[in-house]
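Survey of secondary and tertiary structure
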Amino acid sequence: ATGVGKTFLMSSLIDYCATQGVRHVLVVTPGSVIQAKTLANFDQASTKFVAGADHEPFIITPENFRSASVSTALRDEEVLKVFVFNVHQLISPGRKVRETDENLGDALYDYLRKSDDLLVISDEHHIYHKDATAFSGAIRDLSPFALVGLTATPAESDLPKVVFQYTLCEAIADHHVKI
């Protein structure tokens, strides 16, 4: 349900996968508003910061991915790299993530595609239903080892794929949210 822990689940999943050796996580948001919220969740200076992870991720965004510090992090196999991009920044061939970067020596999209431990977390996954062919194609092209969709409102076609559901009624009964 909305407000009962998708963000904590995402953070815990990233931390768990990092414990298993994963070093490349791509969080895809449906737009800039949720992207900004997600970035705040990873920013220790933000009131929205989600604390408690054992592994501190290096956050890569559309604003910083062409910097020398990101290039250094991308070359370090020990660094947990979390890429936070919205779907529009990934799907179009003309986007900067698909252009060769002089610091990286490759396009960021191609770097992600070559990562054999890429985990993709799709925030608000209900937006990317089966008819979202551009999104689906871009993610399939990345060949992640896993795609996890998080949403409070799954598309009806995704209901058979739901592995856990926690309803708003349950969250209210458990005193996690206000009535």
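What comes next is a walk through the structure. (Residues numbered from 1 in each chain as written. Predicted model: local features only at pLDDT ≥ 70, side-chain atom pairs only at ≥ 80, totals over all residues. Heavy atoms only, no water.)

Helix and strand content of the protein chain: seven helices and seven strands. Reading the protein chain from its N end, one meets helices and strands in the order α-β-α-β-α-β-α-β-β-α-β-α-β-α. Since a compact globule built from 179 residues should have a radius of gyration of about 16 Å, the 16 Å found for the protein chain is in line with a globular shape. For the protein chain, the proportion of its 179 residues judged to be buried stands at 40%. Residue pairs in contact within the protein chain that sit at least 24 positions apart in sequence constitute 71% of those at least 6 positions apart. Total accessible area on the protein chain is roughly 10,100 Å²; 54% of this is exposed by carbon and sulfur atoms. Seen as two clouds, the 16 positive and the 23 negative side-chain charges of the protein chain have centres 5 Å apart. (Helix = DSSP H or I, 4+ residues; strand = E, 2+ residues; numbered from the N terminus. Rg over C-alpha atoms; globule rule 2.2 N^0.38 Å. Buried < 20%, exposed > 50% of the residue type's maximum accessible area, 1.4 Å probe, protein only. Contact = heavy atoms within 4.5 Å. Areas by Shrake-Rupley, 256 points an atom, 1.4 Å probe, with all protein chains shown as cover. Lys, Arg positive; Asp, Glu negative; His and termini not counted. Charge placed at Lys NZ, Arg CZ, Asp CG, Glu CD.)

As a further point, take the packing of aromatic side chains. One pair of aromatic rings is described through two measures. These are the centre distance and the angle between the planes. Enumeration over the complete set of coordinates arrives at two aromatic pairs. Pairing Phe65 with Phe85 gives two aromatic rings, centres 6.1 Å apart and planes at 65°, and the pair type is edge-to-face. One end of the pair, Phe65, is in the loop between β2 (58–60) and α3 (68–75); the other, Phe85, is in strand β3 (residues 81–86), and 20 residues separate them in sequence. Considered together, Phe65 and Phe85 belong to a single accessibility category, that of buried residues. Ring geometry for Phe83 and Tyr111: centres 6.4 Å apart, planes at 50°, overall tilted. Residue Phe83 is located in strand β3, and its partner Tyr111 is located in helix α5 (residues 108–114); the two are separated by 28 residues in the primary sequence. The residue whose ring lies beneath Arg98 is Tyr109, and the NZ or CZ to ring-centre distance is 3.8 Å. (Phe/Tyr/Trp six-rings, centres within 6.5 Å; stacked < 30°, edge-to-face > 60°. Lys NZ or Arg CZ within 6 Å of the ring centre and 35° of its normal.)

Reading across from one edge, β2-β3-β1-β6-β7 is the order of the five strands in this open sheet, with parallel pairing throughout. Sheet topology places β2 and β7 (146–150) at the edges, where each strand pairs with a single neighbour. Averaged over all adjacent pairs, the angle separating strand axes in this sheet is 20°, with direction ignored. Both strand β1 (residues 24–29) and β3 contribute to a ladder of six bridges, which runs parallel. Counterpart to Val27 in the pairing with β3 is Val84. Those strands touched by α3 are β2 and β3, and its axis lies near 120° from that of β2. (Pairing = 2+ DSSP bridges. Axes fitted to C-alpha atoms, helices over the stretch in contact; angles between N-to-C directions.)

Right, let's talk about the environment of Thr38 for a bit. Residue placement: Thr38 occurs in helix α2 (residues 32–41). When the C-alpha atoms of Thr38 and Glu170 are compared, they prove to be 25 Å apart, with 132 residues separating the residues in sequence. Residues contacting Thr38, with those up to four places away along its chain left out, are Met10, Val27, Thr29, Val84 and Asp123.

With that settled, consider the side chain of Asn41. Tracing the chain through its elements places Asn41 in helix α2. Accessibility expressed as a relative area gives 8% for Asn41, which makes it buried. Within the structure, Asn41 has its side chain in polar contact with the backbone oxygen of Lys48 (distance 3.0 Å). Among all residues touching Asn41, those that are not within four sequence positions of it are Thr7, Lys48, Phe49 and Val50. (Polar contact = N/O pair within 3.5 Å; in protein donor to acceptor, adjacent residues only side chain to side chain.)

Buried within α2 are the following residues: Gln35, Thr38, Ala40 and Asn41. In this fold, the buried residues of α2 make contact with α1 (6–19), β1, β3, α4 (87–91) and β6 (118–123).

Keep in mind that these numbers describe shape and distance, not what the molecule does.
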